[in-house]
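# Architecture and fold: a report
Each chain, written out:
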Amino acid sequence: MLLLTTDQFQYYHKRAIKFLNKHDHLSKNQYGFRAGHSTQQVTIELIDKISQVIERNEYTVGIFLDLSKAFDTVNHCIPLDQ
């Protein structure tokens, strides 16, 4: 298992994000954990899209999943053993 200090992690995280942004590998819809992108922006975008659909007398459906605890329930030793 690879263990990094906080400083090492931050260094590699910044390099990875810089690389992904430079080569346009992140979706324009990725708002979390990106500089200059906030959850407020995505909320405004969502409300705008819903408003446009309603104005056209069309239907809209929203399915919202909270996966924040999903990774807390994974036994992280199993993937490492395989």
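Just so it is clear, the model here is predicted, and its values are computed rather than measured. (Residues numbered from 1 in each chain as written. Predicted model: local features only at pLDDT ≥ 70, side-chain atom pairs only at ≥ 80, totals over all residues. Heavy atoms only, no water.)

### Thoughts on the overall build of the chain
Across its full length, the chain holds three helices and zero strands. For the chain, the succession of helices and strands along the chain, N to C, is α-α-α. Roughly 8,200 Å² of accessible area belongs to the chain as shown, and the carbon and sulfur atoms make up 59% of that amount. (Helix = DSSP H or I, 4+ residues; strand = E, 2+ residues; numbered from the N terminus. Areas by Shrake-Rupley, 256 points an atom, 1.4 Å probe, with all protein chains shown as cover.)

### Quick look at a nonpolar patch on the surface
A surface patch of nonpolar side chains, amounting to about 580 Å² of accessible area, comprises L2, L4, F9, Y11 and Y12. Secondary-structure assignment places Y12 in helix α1 (residues 6–22). (Patch = residues over 30% accessible without salt bridge, like charges linked within 9 Å, V, L, I, M, F, W, Y side chains within 5 Å. Salt bridge = Lys/Arg side-chain N within 4 Å of Asp/Glu carboxyl O.)

### Some thoughts on unusual backbone geometry
For D24, which is not glycine, the phi torsion reads 55° and is therefore positive. Inspection of the secondary structure assignment puts D24 in the loop between α1 and α2 (39–55). On the basis of relative accessibility, which here comes to 65%, the residue D24 falls in the exposed class. With a phi close to 55°, N57 is a non-glycine residue in the positive phi region. Judged by relative accessible area, which is 71%, N57 ranks as exposed. (Buried < 20%, exposed > 50% of the residue type's maximum accessible area, 1.4 Å probe, protein only.)

### Topic: the pattern of salt bridges
Where charged atoms from two side chains of opposite charge approach closely, those side chains can pair. One pass over the full model with this rule turns up one salt bridge. Measuring nitrogen to oxygen at the nearest pair gives 3.3 Å for the salt bridge that ties E58 to R56.

### Let's talk about α2
Counted at 1.5 Å a residue, the expected span for α2 with its 17 residues is 24 Å, and the 24 Å between its end C-alpha atoms agrees. Where α2 ends, the next residue or the one after it, N57, has phi of about 55°, a positive value. (Expected span 1.5 Å × (residues − 1).)

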